[in-house]
Structure formats: C-alpha cells, structure tokens
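# Tertiary structure, described
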Amino acid sequence: MGIDVSSIKADFPIFDRQINGKPIVYLDSGATSQKPNAVLDAMDNYYRNHSASVNRGAYTLAAEANDLVDEARQLVADFIGAPNTHEVIFTKNATEAANLFAHSWGRSNLSQGDVVVITEMEHHANIVPWHMLVESNGIELRWIPITDSGELDLSELDVLLDGAKLVSVTAMSNVLGTMNPIRRIADAAHAAGAIMMTDGSQYVPHVPTNVTEMGVDAMIFTGHKMLGPTGVGVFWGTTELLEAMPPFLGGGDMIMQVTKEGFTTNALPHKFEAGTPMVAEIIGLGAAIKYLNNIGMEQVREHEVALTAYALRSLNERFGDDITIHGPSEPASRGGALSMAYKEVHPHDLSQVLDQANVCVRAGHHCAKPLMQVMGVNSTARASLYIYNDEADIDALADALESADDIFGMGF
Amino acid sequence: MPGLEDLYKEIILDHYRNPRNRGELPPPACKTEGFNPLCGDEIVVYAHIVDDHIVDIKMGGQGCSISQSSASMMSQAVKGKSLDEVRKLTGEFKAMMSIPGKDDAPAASESSAAEIEAAKAAASAGDAGNIAGAAEKPDLSMGDLSALKGVVKFPVRIKCAVLSWNTLLEAIEQAS
Ligand SMILES: Cc1ncc(COP(=O)(O)O)c(C=O)c1O
C-alpha cells in the first residue's frame, strides 16, 4: 500500500492556503519541510499546558516538561538506531552540530598536518568548520572527487585516507540527490585509523536510518527538514566518542560541580547541552518523528523513489535536450533532490517564473559552492520532494517550466 | 501579485541577451568583484579611471537577467562620466530600488500588495531614498535604467539589480 498523499496533505495547514487564488505547489522540502498539525499541536500543548524549565524544578509541571523532552530524545534515538539515548545531543540545527564536533573533538584531537577528508558534494556546514580548523590547527583538508554523473569517485580512496584522522561525508547530496555508500567509506576510514562522521540532513528525513548499520561514529541532522520546527538539530555520537570529547559551550546544565576554582562536567547528554534548551522545538521534533513513524519510513522512501522516477521520466520525455537534471539517473540510488538546468534560462529567473504558478523551487548555490565550481555552474534550480508531493505537483512544475518560454523563448 | 511583464521588460531582456561593454580591461584599470551570497550571482567591474573620470569600463561575471542587464545598462550610463556624476547616478538608482523605511532589500518578499503599492507611490513622490531628493525626477538621467523600476515589486530581486552598482562604487573607492 502506497502513501495516500491527499490524506497526508490534509494534515498540513499550509496547504489550505492559496496564493492569488491558486494552491501552493511546494517543491522545496530540501530547504525546509512543511509542518503537520501534529507538530504544531505538540508545541502549542507544551506552551499552554506544560510550560516549565527542564532539568531544574521538582514540581509537577517541570516533571511533565522533563518527561516530554525525554520522550522526544528516545524517539530520536530509536529513529536513527542509536544504541543509547544519551548519545542524542540536541543542537540548534545541523550546522551547530557540525561546529560542536569540529570545535570540541576537532580542536582537541587535530594538530598540524592531520588530515580531514570530505567530499566535493558537501554542504557548507560540513566544509567551513573544517576550513576553520585549517586556520586554527593547521590541519590538511582533502576532497573526495565526484564523477560526471554526480557520484563519489572512490578509486583513489586509499590514497586520500592515508594519514586521515576524520572522514566526513554526506549521506545524501542536497544538490544532486546522490546517496553515498557510507558503510563502505566508514569501513575504509576505520581501516585507515580514522573516525567517520556523516551528514544525515538530507538522508534521515527520507530514508530509514540506522547509525550502527551505517558504521559511523557520528552523525548530524536537522529537525526542520523532517517535518519538525526550526531551531532544533541533532548531534549523535557513540558513547565512547562523546565521553572523550571536551565540552563545547559552558554554562548551566552542562556542569556537575562549579567552584571558584573550576567546574566538572555533567553526564551525557547534558555535558553538551549548555543552558535552557529549546524545549518546545525538541517536543515538536519528537512529534514529527511520531508522524513519520506512523506512515513508516519504508513507505516514505518507496513513495519518493516512485515520485522521483516519475519526475525524471516525465520531465525528460517532455523537454528532451532542453532540460538537464543533475545527479544519478537511477531513482533507486538517489533521493528526491532534482537540480536542473532548463534551456539557457538562469535559475533565478526560472524560479521567478515558476513562482507565478505558486511552484516553489530553490534557485542558487544551495550552500555547496565547491560543488557548483566542480559542476561548472554558479547556481541551479532545485525541486525537492517529500511525502506531501504527488504526480500533479510534477506536472505543475512541467507546465510552469514551459511558461518560461513565453519570456525567455527567443534566442535562449 | 505583480505580473512578470513588470520585471522582464523587453529592454532588460535585450541587455541580457546582448550585454554591452562585456569583457576585461588590463591594468591600470582597476578590477573589483561583487557577489550575491544568496544566489551566487557575480559581477566583475573593470574601470579605467583617469582624472576623476571613467574613461573606459568593462563588465564580467555571470548571473540572472536582472543582475546582468543592470550591469550592462550601468556600464553604458557611466562611461565617460565624472566620478561625482557616477556617485549621483548611483544614488538615484539605489533610491529607485529602495522601499521606504527599509535601508536594504528585505530578506523575504512577504510585503503585501498594499506595501508595494505604497512603495511605488512613495518612489514616484520622491521620498523613497536615503539620499535626499535623489528620486525626485527618476526618469531624467536614468534612460534605459528606468526599465528596472519594476524590480522593486519583487523585493528579493533588488539585490540582483544593485549588485553591479555596489561593485562599481568599490572600484571608485579604490581609485580615489
Ligand atoms: C546536506 C545538508 N547539510 C547541512 C545542512 C544545514 O542544515 P541547517 O541549516 O539546518 O543547519 C543542510 C541544509 O541546508 C543540508 O542540506
């Protein structure tokens, strides 16, 4: 049984909205997803009925708030197959999670000449923190190249891994949709004596995830791309790794003892969660996971493979050489991020034209400038899919693309 | 919702398809680069400045129709002009591109139709800009550039239109 998109859409209040009398065709879930009532209600319920600070009070309200956060942490841990709940560290977003790791583990474990290996298809969140360590600690940054079809070229992996202390690779490209062989790279990294992190920001929302099966030591991802609110992300690390890492931010909640002379750190996960956390957002993320679990992540993935297949087939049939869709052509080996070039129309102009039909796509470099340089473009227009999209949305995209010809037709 | 015909005027598309003064200039012309971090558009300005005049100008870079046509029109408008004239023209252009009460283009285009109408009214009434009186006669010295006026109705695109101008200002600062 596939997903019933119309009943899913009914759970998302934004789709009740019309702009200029027309419904919204939302194809930008790679940037951020829409939110179902279940998430909005859970956050509202916290503020209305259980609002209290966590980890501090002994009274009933505070205990309820604590329970809600604990439940959400358990939901996250189960969702990604984490062996221990205390390994789930809440951060502001994936970017902060990457910075937590680079700052805490990176600064204390990496020195002059140590090698960090990333790939040409990383998001800036998994690039710039390492660039910062090049500056502060003198590390060397190496790049796994990509092939013309937008997959990782692993032919020189052994050479690249020589001397590596960390390998950090996105599980799914936000531009190309490519799904990378994380297990294979993690095994090679470990054999070379390095630890392995993956960026799950585009993967966790769309594919059943198990960090143990992936063989990684750490993973980052972000709540707002998986039906959750903005303002909450996750750093997951193995207990062994987290125990060995120094704290990141200092302050309340992360301490066991504070004296005039110094401090000792709290137990996991609190060691890495300084200050009052984003309680409502954590609860919202928990509700998003419950919602996804109700559908079933296998179903989510199945739906997106089918819809991606439809999009690739119908757009290529309709536009032939006038359209280029970047990334792998086999739907089963990619996600639903479809970066495209249509004729010679600049992506920025294209998205403006699509907006006339309320078709929301993202134009730009997608925070992946090194990838843009490798691809030889300075931006793309990207449509990205999720559970509330269906074939009608793809057809609306295709119709809107054609309308660009009215303006940019001749000579382009 | 404003129509695309307000944005993609024929003259804009013409400058986009056939950019004027495209190319490079060797030193002593100065070279400055501008980036729009939002969308990746880039503009390169080569300006040869002698005796406080732009004696020659060439434009490079790549980007959308708005950023590239604005650059092309700008290059025509400023070539041969004194730096004072260029500064004044830049002020007028930016005034034409600004929404009252906002120093810069807003990040999101959530402006209501009413706001945009107010912006248009204010712009033609001459109190739009931060440079006093700059917008009083927007069409006089603007020439082709006034075709870009419609961009204000699409606030996210304002940054595209002013990118080349800011890059030129940098070149002028460097030279003086
Ligand atoms: C692959 C990837 N990594 C990291 C991020 C950063 O997520 P956030 O902006 O929520 O920190 C994104 C989102 O843009 C992404 O697509």
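About the criteria used
- Residues numbered from 1 in each chain as written.
- Chains lettered and ligands numbered in written order.
- Predicted model: local features only at pLDDT ≥ 70, side-chain atom pairs only at ≥ 80, totals over all residues.
- Heavy atoms only, no water.
- Helix = DSSP H or I, 4+ residues; strand = E, 2+ residues; numbered from the N terminus.
- Buried < 20%, exposed > 50% of the residue type's maximum accessible area, 1.4 Å probe, protein only.
- Contact = heavy atoms within 4.5 Å.
- Areas by Shrake-Rupley, 256 points an atom, 1.4 Å probe, with all protein chains shown as cover.
- Axes fitted to C-alpha atoms, helices over the stretch in contact; angles between N-to-C directions.
- Parallel < 35°, antiparallel > 145°, perpendicular 65-115°, else oblique.
- Left-handed = near helix turned anticlockwise from the far one by under 90°.
- Nonpolar A, V, L, I, M, F, W, Y, C, P; charged D, E, K, R; others polar.
- Phe/Tyr/Trp six-rings, centres within 6.5 Å; stacked < 30°, edge-to-face > 60°.
- Lys NZ or Arg CZ within 6 Å of the ring centre and 35° of its normal.
- Salt bridge = Lys/Arg side-chain N within 4 Å of Asp/Glu carboxyl O.
- Buried area = accessible area lost by both parts, 1.4 Å probe.
- Polar contact = N/O pair within 3.5 Å; in protein donor to acceptor, adjacent residues only side chain to side chain.

On a plain count of helices and strands, chain B comes out with six helices and three strands. Put simply, chain B runs from its N terminus to its C terminus through helices and strands in the order α-α-β-β-β-α-α-α-α. Split into buried and exposed, the 176 residues of chain B put 51% on the buried side. Pairs at least 24 apart in sequence give 72% of the contacts found in chain B among residues at least 6 apart. Of the roughly 7,900 Å² of accessible surface on chain B, 52% is carried by carbon and sulfur atoms.

For the rest of this paragraph, the subject is the packing of helix 4 (residues 83–96) of chain B against helix 6 (residues 158–175) of chain B. Residues and elements named next belong to chain B. Contact geometry of helix 4 with helix 6 gives a least axis separation of 11 Å together with a crossing angle of 155°. Looking at the two axes, helix 4 sits roughly antiparallel to helix 6. Helix-helix and strand crossings are classified by hand; for helix 4 and helix 6 the assignment is left-handed. Across the interface between the two elements, Leu83, Val86, Arg87, Leu89, Thr90, Phe93 and Lys94 from helix 4 touch Ala161, Val162, Trp165, Asn166, Leu168, Leu169, Ile172 and Glu173 from helix 6. Its residues assigned to classes, the contact of helix 4 with helix 6 shows ten nonpolar, two polar and three charged.

Further remarks concern the packing of aromatic side chains. For the structure on display, the rule yields 13 aromatic pairs over all chains. Taken together, a centroid distance of 5.3 Å and an interplanar angle of 80° make the contact between Phe319 of chain A and Tyr342 of chain A edge-to-face. In this pair, Phe319 of chain A sits in helix 11 (residues 297–319) while Tyr342 of chain A sits in strand 14 (residues 337–342), placing the two residues 23 residues apart along the sequence. On the basis of relative accessibility, which here comes to 7%, the residue Phe319 of chain A falls in the buried class. Exposure remark for Tyr342 of chain A: the relative accessible area of 1% places this residue in the buried category. For the ring pair Phe93 of chain B and Trp165 of chain B, a centre distance of 4.5 Å and an interplane angle of 15° mean the geometry is stacked. Of the two residues, Phe93 of chain B sits in helix 4 while Trp165 of chain B sits in helix 6, which places them 72 residues apart along the sequence. Judged on exposure class, the residue Phe93 of chain B and its partner Trp165 of chain B are both buried. Each member of the aromatic cluster is reached from another via a ring pair, and the members are Phe12, Phe15, Tyr26, Tyr291, Tyr386 and Tyr388 of chain A. Across the ring face of Phe15 of chain A, the terminal group of Lys9 of chain A is positioned such that the distance to the ring centre comes to 5.3 Å.

We now examine the pattern of salt bridges. If you walk through the whole model with that rule in mind, you get 19 salt bridges over all chains. The salt bridge involving Asp14 of chain B is made with Arg20 of chain B; its shortest N-O contact spans 2.7 Å. Owing to a relative accessible area of 27%, Asp14 of chain B belongs among the partly exposed residues under this scheme. Across the pair Asp84 of chain B and Arg87 of chain B runs a salt bridge, and its minimum N-O distance is 3.3 Å. Of this pair, Asp84 of chain B and Arg87 of chain B are both found in helix 4, three residues apart, which corresponds to roughly one turn of the helix. Looking at Asp84 of chain B, the relative accessible area reads 58%, which means it is exposed. Take Arg87 of chain B: its relative accessible area is 32%, and that puts it in the partly exposed class. Among the ionic contacts, a cluster of salt bridges with common partners joins Arg318, Asp399 and Glu402 of chain A.

Okay, the interface of chain A and chain B next. Taken together, the contact pairs 19 residues of chain A with 24 residues of chain B. Carbon and sulfur atoms supply 53% of the area that chain A and chain B bury against each other, a total of about 1,800 Å² over both sides. Contact with chain B buries area across many residues of chain A, yet His348, Gln352 and Asn378 of chain A alone supply 30% of it, more than any other trio. Between the two partners, chain A and chain B, sit one salt bridge. Here chain A is connected to chain B by six residue pairs in polar contact (both at pLDDT 80 or more). Looking at the side of chain A that touches chain B, the elements with two or more residues in it are helix 12 (347–355) and helix 14 (391–408) of chain A.

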